[in-house]
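One letter stands for each residue in the lines below.
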Amino acid sequence: MRTAAPRAASPRRYLMCPPAHFKVTYSINPWMDPAKPVDLPLALTQWETLRDRYRALGHTVEELEPRPELPDMVYAANGATVVDGRVLGARFAHPQREAEAAVHVEWFRSHGYSVVREPEHINEGEGDFAVTDSWLLAGRGFRSSPLSHPEAQEFFGRPVIGLDLIDPRYYHLDTALCVLDAATDEIMYYPGAFSPGSRAVLERLFPDALIATEEDAAALGLNAVSDGRHVLLPQAAVGLFTPLRERGFEPIGMDLGELLKGGGSVKCCTQELR
């Protein structure tokens, strides 16, 4: 297959939180094992490398101050969903993380965001909401409530497509699906993470999607961030690199092995400020 011409990147704004207090002392997803110690200096180095790469690519990175009592705050994508400057906050499913929601809401209000909604129903931000030009894709099954979908649709005024997750390893939508180019509704995803009906919906809406293998999905290769050209993804997802290049994207492998111990990688650490 001939490699497509390089695509154009667009500047993005991201919100991230340093893993200054990151540790795994409880388990709320299959990736978390408190028996496996976290190398905190290495986790911080890996996170800083990701942050610095975004900045080197011309993107803006805002930083959220970490809290000692909230070790999972490094997974900043879960704290809110921002579309057209409107902020839908999060409501976490597990008590260990529920206090993160207020920290995010406080950050947005103190940084000039005037339309901020504290949700009625459980949603974990961009963990389960993915934005394309046409759709707001919304995961459910392990964390986010189906009731959060009409709430998001009413708030953002965008059609919401509900997708059922069935494999506990892919407990959030952003572990099983990545938006490659929002402007053209281009995505990549792993079919095995979804129910048969949801797979059929994805096939109908995104017939030209890049389909990930089980091996690349298991490396959390879909927990990736794209600026329309550069796709930052776990370096172990080697099977995605060639298909991405063939479509004109520039894959950039990142090592976030320490943060993977908490069940997250590139996207989990990155909230987009649209």
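Above: the structure in question.
Residues numbered from 1 in each chain as written. Predicted model: local features only at pLDDT ≥ 70, side-chain atom pairs only at ≥ 80, totals over all residues. Heavy atoms only, no water.

Caption draft 1: Region of interest: the overall build of the protein chain. Counting its secondary structure elements, the protein chain contains seven helices and 15 strands. Each principal axis of the C-alpha atoms in the protein chain carries an extent, and together these give about 50 × 40 × 35 Å. The burial tally for the protein chain puts 55% of its 274 residues in the buried class. Sequence-distant contacts, at least 24 apart, represent 70% of the contacts inside the protein chain between residues at least 6 apart. (Helix = DSSP H or I, 4+ residues; strand = E, 2+ residues; numbered from the N terminus. Buried < 20%, exposed > 50% of the residue type's maximum accessible area, 1.4 Å probe, protein only. Contact = heavy atoms within 4.5 Å.)

Caption draft 2: Quick look at empty space enclosed by the protein. Overall, the coordinates contain three cavities of 30 Å³ or more when judged by the stated rule. Lining the largest cavity we find 14 residues, and of these Asn29, Tyr75, Arg97, Tyr171 and Gly262 sit closest to its centre. (1 Å grid on protein atoms, 1.4 Å probe; cavity = no way out; pocket = protein on both sides within 12 Å on 5 of 7 lines; lining within 4 Å. Points joined across faces, edges and corners; volume = space filled by probe spheres on them.)

Caption draft 3: Spotlight on the layout of surface pockets. Of the volumes computed, that of the largest pocket is approximately 520 Å³. Along its surface, the largest pocket is lined by 34 residues, and Val131, Val179, Ala182, Glu272 and Arg274 are the ones closest to its centre. Secondary-structure elements contributing two or more residues to the lining of the largest pocket are β6 (129-131), β9 (177-181) and β12 (225-226). Ranked by residues supplied to the lining of the largest pocket, first place goes to β9 with five residues. Tallied by class, residues from the lining of the largest pocket come to 16 nonpolar, six polar and 12 charged. (Nonpolar A, V, L, I, M, F, W, Y, C, P; charged D, E, K, R; others polar.)

Caption draft 4: Expanded view of the environment of Ala35. Turning to its location among the elements, Ala35 is positioned in the loop between β1 (13-16) and α1 (40-56). Sequence-wise, Ala35 and Ser110 are 75 residues apart; in three dimensions their C-alpha atoms are separated by 38 Å.

Caption draft 5: Seen up close, the sheet that holds β9. Taken in spatial order, the three strands line up as β9-β10-β11 in an open sheet, and their pairing is mixed. Whereas interior strands pair on both sides, the edge strands pair on one side only; in this sheet they are β9 and β11 (210-211). Here strand β10 (residues 186-189) pairs with β11 via two bridges, running parallel. In the strand pairing of β11, Met188 is matched with Leu210. (Pairing = 2+ DSSP bridges.)

Caption draft 6: Structural view of the state of the cysteines. Per the stated rule, a full pass over the model turns up zero disulfides. Of the cysteine sulfurs around Cys17, a residue in no disulfide, the closest is that of Cys269, at 9.5 Å. Note on Cys17: relative accessible area 0%, which makes it buried. In this structure Cys178 is not part of a disulfide, and its nearest cysteine sulfur, from Cys268, lies 12 Å away. (Disulfide = S-S within 2.5 Å.)

Caption draft 7: Region of interest: the pattern of salt bridges. Under the defined criterion, the tally for this structure stands at 22 salt bridges. The partner of Arg51 in a salt bridge is Asp52, with the nearest N and O atoms 3.0 Å apart. The exposure class assigned to Arg51 is buried, which follows from its relative accessible area of 14%. As a salt-bridge pair, Glu126 and Arg274 come within 2.6 Å of each other at their nearest N and O atoms. Residue Glu126 is found in the loop between β5 (116-117) and β6, and its partner Arg274 is found in the segment after β15 (271-272); the two are separated by 148 residues along the sequence. Residue classification places Glu126 among the buried residues on the basis of a relative accessible area of 2%. We classify Arg274 as partly exposed; its relative accessible area is 28%. (Salt bridge = Lys/Arg side-chain N within 4 Å of Asp/Glu carboxyl O.)

Caption draft 8: Here's a closer look at the environment of Arg109. If you trace the backbone, Arg109 turns up in helix α2 (residues 100-110). Considered as a pair, Arg109 and Val87 are 22 residues apart in the sequence and their alpha carbons are 9.6 Å apart. When near neighbours in sequence (up to four residues on either side) are disregarded, Arg109 contacts Val116 and Glu118.

Caption draft 9: Here's a closer look at helix α3 (residues 148-156). The complete set of buried residues in α3 reads Ser148, His149, Glu151, Ala152, Phe155 and Phe156. Down the axis of α3, the sector holding all buried residues measures 160 degrees, keeping them to one side. Looking at the buried side of α3, the elements it contacts are β3 (80-83), β4 (86-89), β5, β6, β7 (136-140) and β8 (160-164). Where α3 terminates, the next one or two residues include Gly157, which has phi positive at roughly 65 degrees. (Arc of directions from axis to C-beta.)

Purely geometric stuff here, so don't read any function into it on its own.
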